[in-house]
Each structure stands twice: as C-alpha cells, then as structure tokens.
Amino acid sequence: MGVRIGYLLVIAIATLSNLGVEPIGSDELRRRVADAMSPNVAARDVVDGLRNLLLFAGWGLAWCITARDGRFRHAIVIATITGLFISAAVESAQLFSSLRQASVLDVLTNTGGAFMGGAGAVAMLHGARAAHGSRSFVGLPMLVFAAAYGGAAMLEIVLPGVRQELLAGASGGAVARLRLAVSQVGWGSSGVAEFLLQVLLMIPAGVFAVAALAESGRSYLRALWLTACGGALLAALLELARGTTGQPIETGMIVAHAAGFVGGGWLAAHWLPTLTQRYRGRARPRMLVAAYIPVLLLWAWRPFVPISSMAELIASFTPGHLMPLAALAMKMDLFSAADVAISFLLYFPVGALSAVWPLRLHGRLAGVLPGIWIALAIEAGQIFVAGRFFDATDVIIGVSGLLAGWALMRRAGFRPYGEML
C-alpha cells in the first residue's frame, strides 16, 4: 500500500504542480468542458500523450507488482480503472486552471498508460518465473539486463539526450518530417568524441544480448551473429524513426550504433566462456557491478566538460532542481519523456541484481540501499559537469527503477544466493 500511495503522490506533483487555480463562472466552465471533450490534436498533444503514457505506466507497474499472487489479471483491470479515475480527477481539477487545459485525450492516454504498465509488469513477472531455475550467469536471467538496457539504448538512438536538434522547416506529421529528413541524409555533424561516445553506449547492449541468447541455449557464435545482424538492422531502422520526429538522419550515427552492438557482441562471445570458467559464485555479480557502474557514469556525466567557476557551481542549485518532480512538471517535450524512461530502465537491472546478490543480507534496506547510494553519488557528481546539475527528480526516477527491479525479482520467486561482498 505504501508503494501505491507514494506513486499517487508522484502523479499528483507531476500533474497538479503550478496549476494556477482561478475562479470561473458557469458559462466559462461549460465552455472549458466542451473544449475538453472535443480537443484539437496538435504536435504538442503527441508529446503530452507520450508523457502521460510513461507517467501512468508507472502507476500500473506499481499496482501490479504489489498485487497478491494469483490475482494478476484482476490487478491489471483494477490498475486500469484506478488510472481512469485518477486521470479524470486530475483533468477535472485542470478545468479550473489558468495555465493548463483539460482534455479527454489525456484521460485516454493516462488510462492506456496504466493498462500498459500493469500488463507489462505481469508479463515480465511471468517471464521471470518461467526462467527461474534455468541456466544463468549471475543467478537471474540476463534477459533482464538485455531488455532494460536495450530499451534505454533504443530510446537514446531515437531521442538522444545530447544530440537534440531539429531540421529547419520540420513541421507537420511524422510522414512529412521523415520525407524532409530523408531528403537531407548525410554523415552528420557529430565529431569524433560524440561518435565514440555513441559506440561506447551501445557496447553493453551487445554484451547483454549475447549473454541472454547464450543462456537460452544458443552457441556463442550464433548469438554473436544474431546480435550483429539484428543490431545493425535496428540501428538503421531507429535512425529512420528519429527522422519522423524532425531530427536529421545521420549515417555516421548508424555506423556508430551498429559498431557498438557488434563490438559488444564480439566482446561477450569472446570473453564470456573464459570469464564464466574463471569466476564463479559471488565473483560474477561483483564483476558485473564493477563494469556497470562506469556505464551509468557514462550516461549521466556526458559531455564530461568540467565546470569553469564556483559561480557556475552555485548557479546549478535552483529550487526547481532540488524540488522533487518539479523539473518533470516543467518539461514538455519528447526528449524529457525519453530521459525519464532511460533513467528508469538503466537502474531497473541494478535492483533486479540486488534481489539475488545483495551487498549484505541483514538490515531493513540491505538489498537496495547500496543502489540508492550509487544513484545519489552519480547524480551529485553532475554538479561538477558543465551544463549539468543535481536534480532530485532524476534520483527519484532512478531509485524507482531500482525498487521496481528488486520487487519484480522477489515476486517472481528469486531469493538471495548470498552476500555479494
């Protein structure tokens, strides 16, 4: 119940912050209700819809993960219905706002997000239970790492956190934007540093893909070929998908992302057989954590340019960044929606691993507390990077992903094998 109440507060803060309630007459109220029931769909509504899906997917996820065993289908229905009522209440409050506009589309996307989150949680739970007792490198299915990190990598390709640029004249629907992007395809303006960074970000996706395929019974060579071919094709298709948002299609980025997938797959196929023979027991999860923390730093601290003055450091501490979820309420673009999902996905496998290999077995938060400290430390380090800052919202999202991964594995029947240290 505490998890559900906590996430309800998250929704309230994200949707009702800076509401700007004003007194209105009955005629104005009727007009606003009529506008809400027959909205005009614009590009901004697509962004709002995606943000709503992500926000309420978390509600469905939280509801179903905390549901009682044997009643997961019922939990999906209840999560969807409660998502509908919560959304209706939020939109009703926005009828009296001078800054927000209520819309039936928001109710539909919020409800859809709750259903998707609940159904996704139940599907992951059943998948984890089916894999219980199967071959595993670290005591949990590497598919957890492959799916979560792969999802973050795909979002980075389509909606990159750093390369946020739109083509001149990009407007209209997705097809019109794609045509414009295709007409201007080129190598791209990204320099060597950005090219190498994108390669490095994709390497873990290739590693986890080969590991997951090897656990399923495929040979390392076949897993490598599947990862290499699938990764190269995916890199090209996702770059085309990037064009539908009005961003340039860069062949240089296709090469970088494909090289990362292939390179990661080769590293896994070449080294995993040796490492699994040499390291056993708690040494394997220790090695995985030691390799994954630098990956989290890579995502969080790019572009790695240090601050130049103490004034710049002080200026990064603003109320909007220190107030939980305030930054999320102020952002209204696809890139911010992707950033939320990426942070959640990156920390999800950390929580899952903590469920089977906690640093210590005793204590109220023995399993997840180290992961929380990692999230805080990485976020705190951003204050020394130019253009970055400590954002309490990012910490909350990362910790939410960590807790969701931990809870999912525990509900799937996985128990600690022992202390990692």
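Reading the values: the criteria
- Here the residue index of a chain counts from 1 through its sequence in written order.
- Local features are withheld for residues below a pLDDT of 70 in this predicted model, meaning they are given only at 70 or higher, and side-chain atom pairs are given and counted only at 80 or more; totals for whole chains, interfaces and linings count all residues.
- Only hydrogens and water are removed before side-chain values are computed, so all heavy atoms of the structure are retained for them.
- Secondary structure elements follow DSSP: runs of H or I of four or more residues count as helices, runs of E of two or more count as strands, with numbering from the N terminus.
- The rule is simple: take the accessible area with a 1.4 Å probe, protein chains only, and divide by the maximum for that residue type; under 20% is buried, over 50% is exposed, in between is partly exposed.
- Pairs of residues are marked as contacts when any of their non-hydrogen atoms sit within 4.5 Å.
- Helix span, expected: 1.5 Å multiplied by one less than the number of residues in the helix.
- Polar contacts, as used here, are pairs of N or O atoms within 3.5 Å; protein pairs need one atom able to donate a hydrogen and one able to accept it. Residues neighboring in sequence count only if both atoms are side-chain atoms.
- We count a salt bridge whenever a side-chain nitrogen from Lys or Arg sits within 4 Å of a carboxyl oxygen from Asp or Glu.

What follows concerns the side chain of Glu-379. Mapped onto the elements of the fold, Glu-379 is located in helix H16 (residues 369-381). The class of Glu-379 is buried, set by a relative accessible area of 5%. Glu-379 has contacts with Phe-389, Phe-390, Asp-391, Asp-394 and Val-395, leaving out every residue within four places of it along the chain.

Bringing H16 into the picture now. End to end, H16 covers 18 Å across 13 residues, agreeing with the expected 18 Å (1.5 Å per residue, within 8%). Residues Gly-371, Ile-372, Ala-375, Ile-378, Glu-379 and Gly-381 constitute the buried set of H16.

Moving on to the side chain of Ser-103. On the secondary structure map, Ser-103 appears in the loop between helix H4 (72-94) and helix H5 (104-131). With relative accessibility at 9%, the residue Ser-103 sits in the buried group. Reaching out from Ser-103, the side chain makes a polar contact with the backbone nitrogen of Leu-105 at a distance of 3.1 Å. Sequence-distant contacts of Ser-103, defined by excluding residues within four places in its chain, comprise Ala-36, Pro-39 and Glu-91.

Let's shift gears to the pattern of salt bridges. If the charged atoms of two oppositely charged side chains come close together, the side chains can form a pair. All chains considered together, the criterion is met by 2 salt bridges. The closest approach of N and O atoms between Glu-156 and Arg-302, which form a salt bridge, is 3.0 Å. Of the two residues, Glu-156 sits in helix H6 (residues 142-158) while Arg-302 sits in the loop between helix H11 (283-301) and helix H12 (310-315), which places them 146 residues apart along the sequence. Since its relative accessible area comes to 0%, Glu-156 is described here as buried. On the basis of relative accessibility, which here comes to 5%, the residue Arg-302 falls in the buried class. In this structure, the salt-bridge partner of Glu-239 is Arg-242, at a minimum N-O distance of 3.3 Å. A residue pair is termed a helical-turn pair when its members lie 3 or 4 positions apart in one helix, as Glu-239 and Arg-242 do in helix H9 (residues 220-243) at 3 residues. With a relative accessible area of 0%, Glu-239 lands in the buried category.

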